[in-house]
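Structural description and commentary
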Amino acid sequence: MTAATATPKDAIIAGVPEGLDALVLARLAAEAATPSGAGLILHVARDDRRLDVLEQALRFFAPKLRVVAFPAWDCVPYDRIGPNPVIVARRITALAKLVLGGRKEPAVVLTTVNAVLQRLPPRDFLRNSLKQIAPGQRIDMARLILRLQLGGFTRSSTVMEPGEYAVRGGILDVFPPGRINPVRLDFFGDTLESIKSFDAETQRTTKLVQKLILMPISEIAFGEHAEKLFRQRYVAQFGGNTVDDPLYNAISAGQRYPGQEHWLALFHERLETLFDYCPGAGVSFDHLADDAVRRRFEQIDEHYQARLEGLESQKFGAAPYKPAPPQTMFLDGKGWSNALAARQVRRLTPFDPAGGGNIGRLGGRTGRSFAVERTAEGGNLFGAVVAHINALIGQNRRVIVAAWTAGARERLATLLRDHGLAQLRAVDSYPEALALPGDVTALCVLGLEAGFETADLAVIGEQDILGERLVRARPKTRRAADVITEATALSVGDLVVHADHGIGRFAGLQTITAIGAPHDCLEISYAGGDKLYLPVENIELLSRYGSDAEGVQLDRLGGVAWQSRKARLKQRLREIASELIKIAALRQLREAPALAPPAGAFDEFVARFP
């Protein structure tokens, strides 16, 4: 399969380095707006990293612009595992926003090559699955629970992650897509008395919620009709020999099957694409996105052929895998070309292509790098930066210095002032920067790997000045030899903690055959019946659970609860470190008023807790 060739509606916007592309997208969306409707631009980034960078940049350059981010699944085509529930929740939320529509302001839909090439559930599926509820409504709790089950939610004893719900008498806890925290629905009979947000870690309610839009947590359709449709299409596609087929048997029994999302086309009457969710929208492409499209087509073909050959089943005894034809799950070359043919397509590039054609030139270029000044012995790096900023201001250009974090912004401001740049102002958005006098340099928090310049704007990135960001050294891990004594004391049923997956239960030692050789592994059980087999050579990742095991909730393998707890602990350590630094500084000032805490002391302390 090959990517689409250029059409008469194709246009190239040259001179758009990364960073400037966010401004270009905001202007394209504004230009696409008409008196009868809002402007809509579908921008295809080459990968997930670029999507995240663009989303952050758009929040800075166009804070009032409506941005809908639609990420791709975090698994390869025809994988044996499904996408992460958190990513699916983000996708469902984005699709629901597009289906509901109703807003008149310009908008940009950010997606990736992998996401735009994949087929999606039809819009009717989303429309029929959305339900708005509010306190005071009469709602049959049993029917609401059935709706959650048909939407892909799973029942658990305690709601911790998106897609879970729990029932305790007249209280229904649920973690729907589109929310940072789960919600607690309090019923009195058939009347919904209140909706409150609560913290998944502490289970304590935080604030009242005036209304809630429930939407499915899975792109799969559930229920009797979907199961019947799946069985019919599965037999028609792969034949009637389903006796030993684990996927067919699981779906027929109304059970979930790992990775069933890779047969999405069998659960719906038809599938649509992101283009269907964005009717009439113009399409823009990231630099090098066309290359990413070609690579994605090749990857889909390679994985499909590998599943057809069944080498995994032959060599390792894995369950047979019957892959759905690529054209049912993805756009092919012809479908891709047809989707673009009816739309205005713009391709952004930092270069200035030679020749004629439909090319618009913005004249932007990558900004100055101070690599020479950084490496010169005895050089005045920040003196050169200040001189460059003054020269740009003399050319009537708006100057913005972009730092990665708020702390880095403060340090840069101090250093620039120390070298003679007095007119500095911290800003949170591009409109705020434009409102400053022309001789004032704006300082913002914006993650750019390199700055850029245009005829009237210059953005200097932190990496332009200081070079690539330093990566903290990884903390030392315990040697396996130091853990053997503790591990040998484990008994079946003991709680253990995996460094990456959280709390599980030790189920004993198992011998697993892989690549024709036996491997001794520790079997760890997690919530939902998931199991992890940890090779004994990686035993340093495991430790005993150090508290009373009674009432402990096991983590879900691949879930986010464990990572969330670690993130909260790190934040708490930072807060403690900040308090300790303040106490030490006050004590030092009382003892010797002329002294002050050394610059960077807080960052150095916090660096001990990566």
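A few points on the structure. (Residues numbered from 1 in each chain as written. Predicted model: local features only at pLDDT ≥ 70, side-chain atom pairs only at ≥ 80, totals over all residues. Heavy atoms only, no water.)

With that settled, the discussion passes to the nonpolar core. One finds Leu117, Leu274, Phe275, Tyr277, Phe285 and Trp336 to be the most contacted residues of the largest nonpolar core, which totals 40 residues. Here this core gets seven residues from one element, more than from any other, and that element is helix H3 (residues 85-100). Residue contacts for Phe275: discarding those within four places in its chain leaves Leu42, Val116, Val283, Leu331, Trp336, Ala339, Leu340 and Arg343. (Core = buried A, V, L, I, M, F, W, Y, C linked by side-chain atoms within 4.5 Å. Buried < 20%, exposed > 50% of the residue type's maximum accessible area, 1.4 Å probe, protein only. Helix = DSSP H or I, 4+ residues; strand = E, 2+ residues; numbered from the N terminus. Contact = heavy atoms within 4.5 Å.)

Pairing is mixed across the open sheet formed by six strands, whose spatial order is E6-E7-E8-E9-E10-E11. The open sheet is flanked by strand E6 (154-155) and strand E11 (205-208), the only strands paired with a single partner. In this structure, strand E9 (residues 183-188) lies alongside strand E10 (residues 191-198), joined through six bridges in antiparallel fashion. Bridge pairing in E10 places Phe187 opposite Leu192. (Pairing = 2+ DSSP bridges.)

Counted according to the given criterion, the structure contains 26 salt bridges. One salt bridge in this structure joins Arg49 and Glu449, with 3.3 Å as the shortest N-O distance. Taken as a pair, Arg49 in helix H2 (residues 48-61) and Glu449 in the loop between strand E19 (441-445) and strand E20 (452-453) lie far apart in primary sequence, 400 residues in all. Arg49 gets classed as partly exposed once you look at its relative accessible area, which sits at 40%. Residue Arg233 is joined to Glu269 by a salt bridge in which the shortest nitrogen-to-oxygen separation is 3.8 Å. In this pair, Arg233 sits in helix H7 (residues 224-238) while Glu269 sits in the loop between helix H8 (246-252) and helix H9 (274-277), placing the two residues 36 residues apart along the sequence. (Salt bridge = Lys/Arg side-chain N within 4 Å of Asp/Glu carboxyl O.)

Let us now look at a negative patch on the surface. On the surface, a cluster of negative charge is made up of Asp47, Asp48, Asp52 and Asp74. Tracing the backbone through its elements, the reader meets Asp48 in helix H2. (Patch = residues over 30% accessible without salt bridge, like charges linked within 9 Å, V, L, I, M, F, W, Y side chains within 5 Å. Areas by Shrake-Rupley, 256 points an atom, 1.4 Å probe, with all protein chains shown as cover. Lys, Arg positive; Asp, Glu negative; His and termini not counted. Charge placed at Lys NZ, Arg CZ, Asp CG, Glu CD.)

A few words now on the pairing of strand E22 (residues 495-498). Burial of E22 is two-sided: the residues Leu495 and Val497 facing one way and the residues Val496 and His498 facing the other way are all buried. Sheet analysis places E22 next to strand E26 (residues 542-544), joined by three bridges and oriented antiparallel. The residue bridging Val496 from the neighbouring strand is Arg544, located in E26.

Turning next to the layout of surface pockets. The calculated volume of the largest pocket comes to roughly 1200 Å³. In this structure, the largest pocket is lined by 40 residues; those nearest its centre are Pro83, Pro85, Asp530, Arg556 and Leu557. Of all the secondary-structure elements, those providing two or more residues to the lining of the largest pocket are H3, E6 and helix H20 (561-591). Per-class residue counts for the lining of the largest pocket are 15 nonpolar, 14 polar and eleven charged. (1 Å grid on protein atoms, 1.4 Å probe; cavity = no way out; pocket = protein on both sides within 12 Å on 5 of 7 lines; lining within 4 Å. Points joined across faces, edges and corners; volume = space filled by probe spheres on them. Nonpolar A, V, L, I, M, F, W, Y, C, P; charged D, E, K, R; others polar.)

Honestly, it's all geometry; don't read function into it.
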